[in-house]
Each structure stands twice: as structure tokens, then as C-alpha cells.
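# Close look at the chain arrangement
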Amino acid sequence: MNKMRIAIFASGTGSNAVRLIEHFKEHKSIEVALVLSNKIDAKVLQSAKERGVEVVYKSNEFVSNGQEMTDLMHQFRIDWIVLAGYLRLIPSELVVNFDHKIINVHPSLLPKYGGKGMFGHHVHEAVIQAKEKESGITIHFVNAQFDDGAILAQFRCHVDEKDTAETLYSNKIQYLEHNYFPIVVEKTILNPNYV
Ligand code: GRF
């Protein structure tokens, strides 16, 4: 049986991409077939290559073109797209062609602290500033707006008075992402009606 083939899109470090690659390494029916980045020097490209995954760099102009992106995904026989720290909007043509086949992780409890400009440390700084008592992560389908598609799962953590944006991210949010994102991706692919 042919395995389901995932393309991961990532713009930065790629710690979540690495967790996904490791999670699916020996999987019976799912494989990470490609890592795409819009940043030529993104650490994720090196980390994926070291783990034997094909990588491609594409310019911001290319990744904004829905037809080119669709053709590229077909060329690599991609079934599912997973965004892991990917900072570009997905062009609407790609969303249409991969309807309910694109999954993102966002480091807050959406709809709070989502949308344009809400990425990375900006999210955690806003959570701390607002004196929130809890934060967490949201795993959701992707549509043509930032952080807006149907929610698949959310996982929560407590925010202490002593937390800074940095401790919240590195002690709590990253833990949730690394431990739950691969499992939810797997469950969603194996059973798209999951949730
Ligand atoms: C994660 O916090 C993810 O939720 C957000 O960007 C960050 C990416 O981290 N979308 P990494 O590159 O996977 O380490």
C-alpha cells in the first residue's frame, strides 16, 4: 500500500518539523516526503536533510503562487500539508486544491492571539501582557486567512505570575506542541472525521 505523503512547510528552526519527521519515521501508512521553506538559510532545511527527507527552498514570490505550489505538491505526490512555524499565507488556490488537507499549529488558544502579525514571541508577549491565567496551542485546518480554519484540537497550560514570554514558550507551549502536534496530525490523516 502506498503511504500518505506529507509536505511540511516551515520558515524557521523547525523543532516541530523534526518531531513530525521522527514521529512518522517508522510509520506504516504515513511518511514525511518533503520539507519546504521560504527561507534559504532556515535551520529546518538542514535538520530535515540530515534525517533523509527531501527539502526545497522556494522564494516568497513562488510560495504566493497557488498554481505553482499546487504543481509542486503534485510533482512530489503530496497528500497532506502540515505547517510548522510557516509564516506565509497559503494562496487560496492551494487551499482549494488541498481542501481540509492542510493542518497548522498555532501557539495560543485561538481565536485569542491569532491573525496577521501574531506569531512567535509576539503571541506569548501579548498573553503575558494581558495577564492571562492560561494559554496553550491550537491545531486547526488552514483556510486562506491567518489562523482561521476549523479547530481540530486545543491543549492548555497554566500561566504563572512569574512567567515571561520566554518561559511560557520554552517550558510550556513547546512541550505541548512537541508532544501533541504529531499525534493530532496522525489521527487526522488516519481518520479525517476525527474530533
Ligand atoms: C511554534 O511555536 C509554532 O506554533 C509557531 O511557530 C513556532 C515554530 O517553532 N507557528 P519551530 O520552528 O517548530 O521550532
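In what follows, the structure referred to is the one given above.
Below, the structure is looked at part by part. (Residues numbered from 1 in each chain as written. Predicted model: local features only at pLDDT ≥ 70, side-chain atom pairs only at ≥ 80, totals over all residues. Heavy atoms only, no water.)

## Considering the packing of aromatic side chains
Which entries qualify depends on this criterion: Aromatic rings from Phe, Tyr and Trp, with only the six-membered ring used for Trp, were paired whenever their centres fell within 6.5 Å, and each pair was classed as stacked if the ring planes differed by under 30 degrees, edge-to-face if by over 60, and tilted otherwise. Where helices and strands are cited, they refer to DSSP runs of H or I of at least four residues and of E of at least two residues respectively, numbered from the N terminus. Working definition: with a 1.4 Å probe on protein chains only, accessible area under 20% of the residue-type maximum means buried, over 50% means exposed, and in between means partly exposed.
Under the criterion given, the structure shown has two aromatic pairs. Relative to tyrosine 180, the ring of phenylalanine 155 has its centre 4.1 Å away and its plane inclined at 5°; by these criteria the two rings are stacked. Residue phenylalanine 155 is located in strand E7 (residues 151–158), and its partner tyrosine 180 is located in helix H7 (residues 165–190); the two are separated by 25 residues in the primary sequence. Since its relative accessible area comes to 31%, tyrosine 180 is described here as partly exposed.

## With respect to the site of the ligand
To keep it simple, the criterion reads: Consider each residue's heavy atoms; a residue with any of them within 4 Å of a molecule or strand counts as near. Pairs of N or O atoms are called polar contacts if they sit within 3.5 Å, as long as, within protein, a hydrogen donor faces a hydrogen acceptor (for residues adjacent in sequence, only side-chain-to-side-chain pairs). Each accessible area is a Shrake-Rupley result for a 1.4 Å probe, and residues are judged covered by the shown protein chains and nothing else. Amino acids outside the nonpolar list (Ala, Val, Leu, Ile, Met, Phe, Trp, Tyr, Cys, Pro) and the charged list (Asp, Glu, Lys, Arg) are all regarded as polar, and Gly is one of them.
Taken together, the neighbourhood of the ligand is formed by Thr13, Gly14, Ser15, Asn16, Gly85, Val105, Pro107, Tyr169 and Glu177. In the model, an oxygen atom of the ligand is placed 2.7 Å from a nitrogen or oxygen of the glycine 14 main chain. Measuring from an oxygen atom of the ligand, one finds a side-chain N or O atom of glutamate 177 at 2.3 Å. Burial of the ligand by the protein amounts to 87% of the accessible area it has alone, namely 370 Å². Of the residues assigned to the shell around the ligand, the class counts are three nonpolar, five polar and one charged.

## Some remarks on the sheet that holds strand E1 (residues 4–9)
Whenever strands of a sheet pair, they do so through backbone hydrogen bonds, lying parallel or antiparallel. Here is the rule we go by: Pairing between strands is defined by DSSP: at least two bridges between them are needed. Angles shown run from 0 to 180 degrees and are taken between the N-to-C directions of axes, each axis being a line fitted to C-alpha atoms and, for helices, limited to the stretch in contact. Two residues form a contact once any of their heavy atoms are found within 4.5 Å.
The seven strands lie next to each other as E3-E2-E1-E4-E5-E6-E7, forming an open sheet whose pairing is mixed. The open sheet has two free edges, formed respectively by strand E3 (55–57) and E7, since each of these has just one partner strand. Within this sheet the neighbouring strands show an average axis-to-axis angle of 20°, counted without direction. Sheet topology places strand E2 (residues 30–37) next to E3; three bridges connect them, and they run parallel. Each bridged residue has a counterpart across the sheet, and for serine 37 the counterpart in E3 is tyrosine 57. Running over the sheet, H7 touches E1, E2, strand E4 (80–83), strand E5 (102–106), strand E6 (134–141) and E7 and is turned about 155° from E7.

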